[in-house]
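Breakdown of the fold
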Amino acid sequence: MSEGAQKKQEKPRKFQAIRGTRDLLPSETVLWNHVEQTAHAVFGTFGFGEIRVPIFESTDLFARSIGAETDVVSKEMYTFGGFAEFSERVRGGRMEGMLSEMQPEEMVSLRPEATASVCRAYIEHGMQQLPQPVKLYYMGPMFRRERPQKGRYRQFYQIGAEVLGGSDAPAIDAEVIEMVMTFFDRLELQGVQLDINSIGHSADNCRRGYVEKLKAALDKVKDKLGPDSQRRIETNPLRVLDSKVKDEQDIIATLPRIADHLCEECAAHYAAVKHELEMRGVFFRENWRLVRGLDYYMRTTFEITAQGLGSQNAVCGGGRYDGLVELLGGPPTKGIGFAIGEDRLILSLQESGKEVASGEWRVASKERKGVASGRLGVDVYVAWMGERAHATAIRAAKDLRKAGFSVELPPVEQKFGKALGQADKLGAKYALILGDNEVSEGLWTLKTLADGSQAKFTEPDLLEHLRRQKAL
Ligand code: ATP
Ligand code: MG
């Protein structure tokens, strides 16, 4: 077989994004950016500053904070590097000659959430020296090896915030919740439902005592529960309350409730948080079955759901975690925070027909051609013909862009008919027509594509005209 024929036979592999990951295309990133800009704006008004923490950290950081027994740490983390890989490479004989340069490293994991990292940063940068509390927010990708489905990905995005240090005043809990609700309100998220609960603190007269009673009650009904719940009676009885299994619901309804077993301080704190929420006009539903999947939570816990998401309908989870900074080697520090699932937030916005164009909310419309082409909001398409017009077109594009307009400048000349067709396909608002006549007269033709009307302008008049139109 000739070399050429052989090349023809070998089809190059078609690569696809890894399962559970996906590309966000321009038609979607407009909405993503709008959501993120809104978060910057709203969180800023509450006095929060942005922190950017690394995508990967020591595996141990997550094991200690989230809990080695949790699903996230025991099954879902992407962990790599470290001595295991080192020795494997040595065994594979691939490291010959490089051995002396290699030091075994600590195991690292892609972050499954960011609270642990923010606490680590708080300690590492001595933020306890700053005026307390320190209010931080973050946004970015998180990684969990879960079964991908609608609203559940292996690389997903969170927008979250943490309040660290100072007191554990109930008003802090309430204000953090008020901030998320304000953010959702600003985005016009539909069907928002806030559930709250208090899971007390880990002491015999509080949660630990309750968990014992719960476990005793569960042991009595064990036979009527499914395998997952049966296992959780041993590993983490609180998580049984989380069960969505239909046949278990009637049984769970009869179990002891934590509200009846909180210590005096935790009960008072919970009552005060509810009062503070009422003062802020934040509507909530008390949900005694609300427990969180990560170990570090205590007292106030909350979850927010939104419409259009099916069974993955939680868009935000959060709560208080007073012991966490200390657990990570820092000083005793109060803490509360939340994490919003940005993918789900955006899915819900899309499901309710919201899309964004040029910074304005609009109801989705199939006629908006620009969206499909991935070029959103082209203001001016410069249709030019001829060498002299080319130079003028380049200058016009530069000036229009400087004035803030989105300009499409075709790289090669086209007949005007074809250019106008192209402008229409891209959903441009105007076509600026530049030919020999326009250049020698110094009068440029502007065509409004919606109604086909045409007018001539001098260069400065054109800018002025477009500015006035944009302001309308
Ligand atoms: P869920 O019960 O839905 O698995 P969770 O309790 O594991 O959520 P948290 O760890 O509290 O979630 O994270 C906060 C938010 O992050 C969730 O409410 C959800 O919106 C989002 N989230 C969590 N895991 C994923 C994922 N794999 N894909 C997309 N979003 C996720
Ligand atoms: Mg989960």
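In short, a report on the structure. Note that the structure is predicted; figures quoted are calculated from it, not measured.

Here the focus is the packing of aromatic side chains. Scanning all chains against the criterion turns up eight aromatic pairs. When the ring of F43 is compared with that of Y137, the centres are 5.3 Å apart and the planes differ by 80°; the resulting orientation is edge-to-face. A residue pair is termed long-range when its members are at least 10 positions apart, and F43 in helix α2 (residues 26-45) and Y137 in strand β5 (residues 134-143) qualify at 94 residues. Residue classification places Y137 among the buried residues on the basis of a relative accessible area of 6%. Over the aromatic face of Y153 sits the side chain of R22, whose NZ or CZ is 4.0 Å from the ring centroid. Directly above the ring of Y78 sits R145, whose terminal nitrogen or CZ lies 4.4 Å from the centroid.

Okay, empty space enclosed by the protein next. According to the stated counting rule, one finds two cavities of 30 Å³ or more in the structure shown. Counted as a void, the largest cavity has a volume near 40 Å³. Lining of the largest cavity is provided by T21, R22, L24, Q155, Y157 and D343. Taken together, the residues of the lining of the largest cavity sort by class into two nonpolar, two polar and two charged. Here the second largest cavity is characterised by a volume of approximately 30 Å³. Taken together, A396, D399, L400, W444, E459, L462 and L463 form the lining of the second largest cavity.

What follows deals with the packing of α2 against helix α13 (residues 342-351). Helices that pack against each other are described as a pair by the angle of their axes relative to one another and the distance between those axes. Between α2 and α13, whose axes approach to 11 Å, the crossing angle comes to 115°. Taken together, the axes of α2 and α13 lie roughly perpendicular to each other. Classified by chirality, the crossing of α13 by α2 is right-handed. The residues of α13 that touch α2, namely those facing E28, L31, W32, V35 and E36, are E342, D343, L345, I346, L349 and Q350. Considered class by class, the residues forming the contact of α2 with α13 number six nonpolar, one polar and four charged.

The next point concerns the environment of A203. Mapped onto the secondary structure, A203 falls in the loop between β7 (193-198) and α8 (207-221). Once residues within four sequence positions are removed from consideration, A203 is found in contact with R208 and G209.

One face of the sheet, then the other: side chains in a regular strand alternate in exactly this way. Two elements, strand β2 (residues 56-58) and strand β4 (residues 107-110), share three bridges in a ladder whose sense is antiparallel. Bridge pairing in β4 links S58 to V108. The pairing of strand β3 (residues 79-81) with β4 spans three bridges and is antiparallel. Each bridged residue has a counterpart across the sheet, and for F80 the counterpart in β4 is V108.

Right, let's talk about the state of the cysteines for a bit. A full pass over the atoms with the stated rule returns zero disulfides. Looking at the unpaired C263, the closest cysteine sulfur is the one in C266, lying at 3.7 Å.

A separate point is the packing of helix α7 (residues 170-186) against helix α11 (residues 264-279). Running from N to C, α7 and α11 point in directions that differ by 45°, and their axes come no closer than 8 Å. By the criterion of interaxial angle, the relationship of α7 to α11 is oblique. In the crossing of α7 with α11, the sense of the turn from one axis to the other is right-handed. Taken together, the residues of α11 that come into contact with α7 (itself represented by P170, A171, D173, A174 and I177) are H269, A272, V273, E276 and L277.

So, about the sheet that holds β2. The strands making up a sheet associate through hydrogen bonds between their backbones, and the pairing can be parallel or antiparallel. Read from one edge of the open sheet, three strands run β2-β4-β3, paired in antiparallel fashion. Strands at the two margins of the open sheet, each flanked by one partner only, are β2 and β3. On average, each strand axis in the sheet is inclined to that of its neighbour by 40°, with strand direction left out of account. Against the sheet, helix α3 (residues 59-66) touches β2, β3 and β4, its axis set at about 75° to β2.

The omega torsion of the bond from Q132 to P133 falls at -5°, within 30 degrees of zero and hence cis. Relative to the assigned elements, P133 resides in the loop between α6 (115-124) and β5. Its identity as a non-glycine residue notwithstanding, E188 has a phi of 60°, on the positive side. By the secondary structure assignment, E188 is in the loop between α7 and β7. What makes E188 partly exposed here is its relative accessible area of 34%. Positioned with a positive phi, R299 is a non-glycine residue whose angle comes to about 45°. Position of R299 relative to the elements: it lies in strand β9 (residues 298-305).

Parameters at a glance
Residues numbered from 1 in each chain as written. Chains lettered and ligands numbered in written order. Predicted model: local features only at pLDDT ≥ 70, side-chain atom pairs only at ≥ 80, totals over all residues. Heavy atoms only, no water. Phe/Tyr/Trp six-rings, centres within 6.5 Å; stacked < 30°, edge-to-face > 60°. Helix = DSSP H or I, 4+ residues; strand = E, 2+ residues; numbered from the N terminus. Buried < 20%, exposed > 50% of the residue type's maximum accessible area, 1.4 Å probe, protein only. Lys NZ or Arg CZ within 6 Å of the ring centre and 35° of its normal. 1 Å grid on protein atoms, 1.4 Å probe; cavity = no way out; pocket = protein on both sides within 12 Å on 5 of 7 lines; lining within 4 Å. Points joined across faces, edges and corners; volume = space filled by probe spheres on them. Nonpolar A, V, L, I, M, F, W, Y, C, P; charged D, E, K, R; others polar. Axes fitted to C-alpha atoms, helices over the stretch in contact; angles between N-to-C directions. Parallel < 35°, antiparallel > 145°, perpendicular 65-115°, else oblique. Left-handed = near helix turned anticlockwise from the far one by under 90°. Contact = heavy atoms within 4.5 Å. Pairing = 2+ DSSP bridges. Disulfide = S-S within 2.5 Å.

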